[in-house]
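Chain residues, written in single-letter form:
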Amino acid sequence: QGLNYMYASATDSSGNIYVAQYSTYGVKKYNYSDMKNDTSWGSNGTVGRSGSCRTYYPYGIKVHNGIIYVGSYYDRKIRKIRVSDGACLGSITPTNNANPRGLDIHNGHIYATTQRGLYTYNISNGAGRICSGTNSHQWKYSYALAGSGNKIYSFYGYKMYSGTLTASGSNL
C-alpha cells in the first residue's frame, strides 16, 4: 500500500487509520470501509484535502475530538488537521523551539517528548510549557509516550519511566 518508514499511527472514531511516515514526510489515511489508501489525503509533506500542513519527519500522531495532531520533528511544530474534511487548522509551536517526538493526549492536554524535556499544551486555553524536572533522557529522547489516570509514561533505553501529573497537567 505504499507505506514507507511508518513511525506512528492513530485511528479516528470511524475506524479510519492515519499513518505518519518518517522518510516520506507525510501522513496517509486508510479508510475503514475498504482499507485502501485515501489518496485525497497527502503524502510527501502535505496533509489534508484543503490547506497544507507540512510534516517533516513526523514521529507522533494522535486523534482527539475530530482533530489529528501530528508531531513534525524538524519543523518544530505539532500540526492540527480536521478529520472530517482534512482541512489544516494550523500549528502548535512548543516552548523554546523544541522538536516534538512522542505524542499523547490525556486529560485535555497534549504531551510531547522533546529534546528540551516533556512539553505540555492545554487544548482548551492554549497554554503550553516544558514541564519542570523533565530535562532528562527518559523525557528528552523517548519516542513512545502514554498517559493513564494521573500518570504519564515514557519508554526509553528498554525501560519504562513514569511521572505523576497535576490537575493542570503541568508538573511531574
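First, a word on scope: everything that follows refers to the structure included in this document. Given the structure is predicted, the values throughout are model-derived calculations rather than measurements.

Some points on unusual backbone geometry
Stage number 1. Phi is positive for M35, close to 55°, though the residue is something other than glycine.
Stage number 2. For M35, a relative accessible area of 39% translates into the label partly exposed.
Stage number 3. At R76, a residue that is not glycine, the phi angle is positive and equals roughly 60°.
Stage number 4. Tracing the backbone shows R76 in the loop between strand 5 (67-72) and strand 6 (77-82).
Stage number 5. Given a relative accessible area of 32%, R76 falls into the partly exposed group.

A few points about the packing of aromatic side chains
Stage number 1. Applying the stated criterion across every chain, the model contains seven aromatic pairs.
Stage number 2. An angle of 85° between the planes, with centres 5.0 Å apart, marks the rings of Y57 and Y74 as edge-to-face. On the criterion of sequence distance, the pair formed by Y57 in the loop between strand 3 (26-30) and strand 4 (58-64) and Y74 in the loop between strand 5 and strand 6 is long-range, its members being 17 residues apart.
Stage number 3. Each member of the aromatic cluster is reached from another via a ring pair, and the members are Y7, Y56, Y57, Y59, Y73, Y74 and Y143.

Examining the pairing of strand 13 (residues 151-156)
Stage number 1. Note: strand 12 (residues 144-148) against strand 13, five bridges, orientation antiparallel. By the bridge assignment, L145 is partnered in strand 13 with S154.
Stage number 2. Joining the antiparallel neighbours strand 12 and strand 13 is a turn of two residues, in which G149 adopts a positive phi near 60°.
Stage number 3. Connecting the antiparallel pair strand 13 and strand 14 (residues 159-164) is a turn made up of two residues, with G157 showing a positive phi of about 55°.

A short note on the environment of R76
Stage number 1. Separated by 23 residues in the primary sequence, R76 and N99 have C-alpha atoms spaced 4.5 Å apart.
Stage number 2. Contacts of R76, omitting those with residues within four sequence positions, involve I92, T93, P94, N97, A98, N99 and P100.
Stage number 3. Among the polar contacts made by the side chain of R76, one reaches the main-chain carbonyl oxygen of N97 at a distance of 3.2 Å.

Digging into the side chain of S154
Stage number 1. Along the polypeptide, S154 turns up in strand 13.
Stage number 2. In this view, S154 contacts Q138, W139, S142, A144, L145, K159, M160 and Y161; residues no more than four positions away in its chain are not counted.

Rules and cut-offs
Residues numbered from 1 in each chain as written. Predicted model: local features only at pLDDT ≥ 70, side-chain atom pairs only at ≥ 80, totals over all residues. Heavy atoms only, no water. Buried < 20%, exposed > 50% of the residue type's maximum accessible area, 1.4 Å probe, protein only. Helix = DSSP H or I, 4+ residues; strand = E, 2+ residues; numbered from the N terminus. Phe/Tyr/Trp six-rings, centres within 6.5 Å; stacked < 30°, edge-to-face > 60°. Pairing = 2+ DSSP bridges. Contact = heavy atoms within 4.5 Å. Polar contact = N/O pair within 3.5 Å; in protein donor to acceptor, adjacent residues only side chain to side chain.

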